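Chains, contacts and geometry: an overview
As a plain string of letters, each chain reads:
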Amino acid sequence: TIRAVVRGVGHYLPERVVENSDFEASLDTTDEWIRARSGIERRHFAAEGETTSDMATKAAQAALDMAGIGANDLDTIILATSTADLTFPSAATMVQHKLGMTGGFAFDVQAVCAGFIFALANANALIASGQARRVMVIGSETFSRIMDWSDRSTCVLFGDGAGALVLEAQTGAGTTDDRGILATDLHSDGRHRDILYVDGGISTQSTGYLRMEGKEVFRHAIEKLAATADSALEKAGLGHDDVDWIVPHQANIRIIQGTAKKMGVPMERVVVTVQDHGNTSAASIPLALSVGCARGQIKPGDLIVTEAIGGGLAWGAVVLRW
Ligand code: ACO
């Protein structure tokens, strides 16, 4: 069998940090409300002119450095984003060029906050089928550009940033003790469009702002996240006790806690970065993986379940041995 094994991880956060209390001057909100309802304390916002492909390139370079390879050693770049620089070309091809990669192929994946999970599943399929040997998987977002700054129920929840993983084909690995992606589980249900969307787009000729029915999203999140994580574990032939780390999409600490509780995994085995990053959509999981490694939480050989849900609704999970 061929397995997709992690060779490198990296992230980039824009310099500008905005604390909860910084919103108090312009919005009817407080640091206490934001912390209590979301677990968020601060977030990073991209500088003027700084784009999704700029941040993605920096995260990707960090992952290449850790892997000890160059951009031209890659076959493929898959970039998960809902906030690409331009309508086209894909942000992935811009990253390809900025990294100096002249061969292979690059494309974007759009599954909103579940984008990184969908991108990982795509990368895994390309590697397992022998179409690519080394794949860079990136999540990068500039959600600050689609915030309605007068809507206190959304604009305090999101942040900007990027994270990246290098996956490499390894032959011969076959057991669940071997490293690499062990199972993937993807879902979407377009009936839920109206609870989380951007009210503009290319074919409606506007950029639009993020709109969210927070309570409705919350209701779907815990149930669907625990179910998809369980389903991915079952496909891998593993159970809750085998999990070293849940690395969840970082939207809200209450969703993270609720999902872990439903899975019977204590919070000591959950990587949490939402307090420092806010919700960075498709970037949140690779950011959490990279920060989790830098903190010394995630170690080679650890069994990780990563899960996310977002607009669509689209949701899914990946089980991998780090
Ligand atoms: N500051 C102060 N008060 C606020 C704020 C704010 N920033 N935002 C909303 N409120 C008010 C509301 O107006 C409401 O006031 P009212 O009772 O007078 O009408 C009150 O606080 C309670 O609002 P609720 O919406 O009931 O608060 P809730 O406890 O549901 O928390 C939240 C809101 C944080 C959005 C929550 O619903 C949530 O986290 N939902 C999940 C959303 C999420 O995580 N989405 C992302 C997942 S998918 C993705 O990543 C894109």
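An unreviewed UniProt entry lists the protein under the name Ketoacyl-ACP synthase III, from Lutimaribacter degradans.

1. A short note on the site of the ligand
In the vicinity of the ligand there are 24 residues, among which Thr29, Cys113, Ser153, Gly214 and Ala251 approach most closely. Those elements that place two or more of their residues in the shell around the ligand are α1 (31–38), α5 (152–155), α6 (214–236) and β12 (303–310). Class assignment of the residues belonging to the shell around the ligand gives a composition of 12 nonpolar, nine polar and three charged.

2. Regarding the confidence of the model for the protein
Within the protein, residue pLDDT values average 97, and 100% of them lie at 70 or more. ipTM for the predicted complex: 0.92, alongside a pTM of 0.97.

3. Remarks on the nonpolar core
Among the nonpolar cores identified, the biggest contains 109 residues, and Val95, Val137 and Ile138 are the most heavily contacted of them. When residues in this core are grouped by element, the largest group, nine residues, is from helix α4 (residues 115–128). Formed jointly, this core draws a minimum of three residues from each of two domains, domain 1 (2–171) and domain 2 (180–321). Residues contacting valine 95, with those up to four places away along its chain left out, are Ser53, Ala56, Thr57, Ala60, Ile77, Leu79, Ala106 and Ile138.

4. Brief notes about the environment of glycine 201
Structurally, glycine 201 is set in the loop between β9 (196–198) and β10 (210–212). Residue glycine 201 is classed as exposed on the basis of its 12 C-beta neighbours within 10 Å.

5. Describing the sheet that holds strand β8 (residues 180–188)
Two modes of strand pairing occur in sheets, parallel and antiparallel, and in both the strands are linked by backbone hydrogen bonds. A sheet is described by the order of its strands in space; here four strands give the open sequence β8-β13-β12-β11, paired in mixed fashion. Each of the sheet's edge strands pairs with one partner strand only, and the pair in question is β8 and β11 (245–248). Here the average twist between neighbouring strands, direction ignored, is 15 degrees. Inspection of the sheet shows β8 paired to strand β13 (residues 314–321) by eight bridges, in the antiparallel sense. Bridged to leucine 186 within β13 is glycine 316. Across the face of the sheet, α6 comes into contact with β8, β12 and β13 while running at roughly 40 degrees to β13. Where helix α9 (residues 284–294) meets the sheet, its contacts fall on β11 and β12, and the angle it forms with β11 comes to roughly 140 degrees.

6. Comments concerning the domain arrangement of the protein
When the domains of the protein are assigned, the result is domain 1 (2–171) and domain 2 (180–321). Using C-alpha coordinates to define each centre, domain 1 is positioned 14 Å away from domain 2. Counting only elements with at least two residues in the side of domain 1 that touches domain 2, the list comes to β1 (2–12), β3 (42–45), α4, β6 (134–142), α5 and β7 (160–171). Residue classes in the side of domain 1 that touches domain 2 are distributed as 23 nonpolar, 18 polar and seven charged.

7. Focus on α6
Across its 23 residues, α6 extends 32 Å between first and last C-alpha, which sits within 8% of the 33 Å expected from 1.5 Å per residue. At alanine 221, α6 shows its maximal bend, which comes to roughly 30 degrees. Turning to α6, its buried residues number three or more, namely Val217, Ala221, Leu225, Ala226, Thr228, Ala229, Ala232, Leu233 and Ala236. For α6, the elements touching its buried residues are β8, β9, β10, α7 (253–263), β12 and β13.

8. A few points about the environment of glutamate 168
Turning to its location among the elements, glutamate 168 is positioned in strand β7. Residues within four places of glutamate 168 in sequence aside, it is in contact with Val5, Arg7, Arg133 and Arg134.

9. Overview of the packing of helix α2 (residues 52–67) against helix α3 (residues 91–98)
For any two helices packed against each other, one specifies the inter-axial angle together with the distance between the axes. The geometry of α2 relative to α3 is characterised by a closest axis approach of 9 Å and an angle of 50 degrees between their N-to-C directions. It follows that α2 is oblique to α3 by the angle criterion. Here α2 and α3 pass one another in a crossing that is right-handed. Residues Thr52, Ser53, Ala56, Thr57 and Ala60 of α2 lie in contact with α3, whose contacting residues are Ala91, Met94, Val95 and Lys98.

10. As for unusual backbone geometry
If a residue is not glycine, its phi is most likely negative; likewise, a peptide bond is most likely trans. At the junction of phenylalanine 88 and proline 89, the peptide bond is cis and its omega measures out at 0 degrees in the coordinates. Here proline 89 lies in the loop between β4 (76–80) and α3. Going from glycine 312 to leucine 313, the amide bond is cis rather than trans, its omega being -10 degrees. Among the structural elements, leucine 313 can be located in the loop between β12 and β13. Positive phi, normally seen in glycine, also occurs at valine 112, with a value near 50 degrees. Following the sequence through the fold, valine 112 ends up in the loop between β5 (105–109) and α4. In this structure valine 112 comes out as buried when scored by C-beta crowding, with 25 C-beta atoms within 10 Å. Of note, serine 281 is a non-glycine position whose phi angle comes to about 50 degrees, a positive value. Mapped onto the fold, serine 281 is located in the loop between α8 (274–277) and α9.

Parameters at a glance
- Residues numbered from 1 in each chain as written.
- Predicted model: local features only at pLDDT ≥ 70, side-chain atom pairs only at ≥ 80, totals over all residues.
- Near = placed C-beta within 6 Å.
- Helix = DSSP H or I, 4+ residues; strand = E, 2+ residues; numbered from the N terminus.
- Nonpolar A, V, L, I, M, F, W, Y, C, P; charged D, E, K, R; others polar.
- pLDDT = per-residue confidence, 0-100.
- Core = buried A, V, L, I, M, F, W, Y, C linked by C-beta atoms within 7 Å.
- Buried ≥ 20, exposed ≤ 12 C-beta atoms within 10 Å, placed from the backbone.
- Domains from an automatic or database assignment.
- Contact = placed C-beta atoms within 7 Å.
- Pairing = 2+ DSSP bridges.
- Axes fitted to C-alpha atoms, helices over the stretch in contact; angles between N-to-C directions.
- Expected span 1.5 Å × (residues − 1).
- Bend = angle between axes of the 7 residues up to and from the residue.
- Parallel < 35°, antiparallel > 145°, perpendicular 65-115°, else oblique.
- Left-handed = near helix turned anticlockwise from the far one by under 90°.

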